[in-house]
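Residues per chain, in single letters:
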Amino acid sequence: MPRAYRGAKTVKLKSNRGAAKRFRATGNGGFKCYGAKRRHQMTCKTTKMKRHARAGFDVRDEDLGRLEQMLPYA
């Protein structure tokens, strides 16, 4: 074996920092995200809209593969 490869280690994967700030891993292998439309102009939104946006949402199954690539250690 050549000398350069003797102590070679695998490279660590980088997490996508934008996704890391927006998604959290759940205990059963999924991801959780928060609702949209909560940043500004809250006075003109109905109470029901604000109440429903408060809760977290589970990420859909179609998007899990992309999130697992973006957050390899989550």
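Before reading on, note that the structure itself is shown above.
Criteria and thresholds
- Residues numbered from 1 in each chain as written.
- Predicted model: local features only at pLDDT ≥ 70, side-chain atom pairs only at ≥ 80, totals over all residues.
- Heavy atoms only, no water.
- Core = buried A, V, L, I, M, F, W, Y, C linked by side-chain atoms within 4.5 Å.
- Buried < 20%, exposed > 50% of the residue type's maximum accessible area, 1.4 Å probe, protein only.
- Helix = DSSP H or I, 4+ residues; strand = E, 2+ residues; numbered from the N terminus.
- Contact = heavy atoms within 4.5 Å.
- Lys, Arg positive; Asp, Glu negative; His and termini not counted.
- Salt bridge = Lys/Arg side-chain N within 4 Å of Asp/Glu carboxyl O.
- Polar contact = N/O pair within 3.5 Å; in protein donor to acceptor, adjacent residues only side chain to side chain.
- Pairing = 2+ DSSP bridges.
- Axes fitted to C-alpha atoms, helices over the stretch in contact; angles between N-to-C directions.

**Q** Mind showing me how you'd approach the nonpolar core here?
**A** General note: in soluble globular proteins, nonpolar side chains tend to be found buried as a group. By size, the foremost hydrophobic cluster in this structure holds 8 residues: Ala19, Ala20, Phe31, Cys33, Val59, Leu64, Leu67 and Leu71. Looking at this core, the elements with two or more residues in it are helix H1 (17-22), strand E2 (31-34) and helix H3 (61-70). Sequence-distant contacts of Leu64, that is, excluding residues within four places in its chain, are made with Gly30, Phe31 and Val59.

**Q** Would you mind showing me how to read the side chain of Lys45 here?
**A** Mapping Lys45 onto the fold places it in the loop between E2 and helix H2 (47-54). Despite its burial, Lys45 remains without a salt bridge, the nearest opposite charge being carried by Asp63 at 22 Å. Only 3.2 Å separates the side chain of Lys45 from the backbone oxygen of Gln41, close enough to count as a polar contact. Contact partners of Lys45, with chain neighbours within four places excluded, come to Lys37, His40 and Lys50.

**Q** Where do I start with the sheet that holds strand E3 (residues 56-58) in this structure?
**A** Consider a sheet: its strands pair through backbone hydrogen bonds, and that pairing is either parallel or antiparallel. Read across the sheet, 3 strands follow the order E1-E2-E3 without closing on themselves; strand pairing throughout is antiparallel. The outermost strands of the open sheet, each flanked by one partner alone, are strand E1 (23-25) and E3. On average, each strand axis in the sheet is inclined to that of its neighbour by 35 degrees, with strand direction left out of account. Here E2 runs beside E3; their pairing, made up of 3 bridges, is antiparallel. Counted as the bridge partner of Lys32 is Asp58 from E3.

**Q** Would you explain the environment of Leu64 in this entry?
**A** Relative to the assigned elements, Leu64 resides in helix H3. A C-alpha to C-alpha distance of 12 Å links Leu64 and Thr26, two positions 38 residues apart in sequence.

**Q** What exactly am I supposed to notice about the pattern of salt bridges here?
**A** For side chains bearing opposite charge, pairing can occur when the charged atoms are close. Within this structure, the stated rule accounts for 2 salt bridges. Linking Arg60 and Glu62 is a salt bridge whose minimum nitrogen-to-oxygen distance equals 2.9 Å. For the residue pair Arg60 and Glu62, the accessibility class agrees, reading exposed in each case. When the shortest N-O distance is used, the salt bridge between Arg66 and Asp63 registers 2.5 Å. You can see Arg66 and its partner Asp63 sitting in helix H3, 3 residues apart, about one turn around the helix. By relative accessible area, which is 28% here, Asp63 ends up partly exposed.

**Q** Before we go on, may I ask you to explain the environment of His52 in this structure?
**A** Counting through the fold element by element, His52 comes out in helix H2. Judged by its relative accessible area of 48%, His52 is partly exposed. For the pair His52 and Phe31, spaced 21 residues apart in sequence, the C-alpha separation works out to 19 Å.

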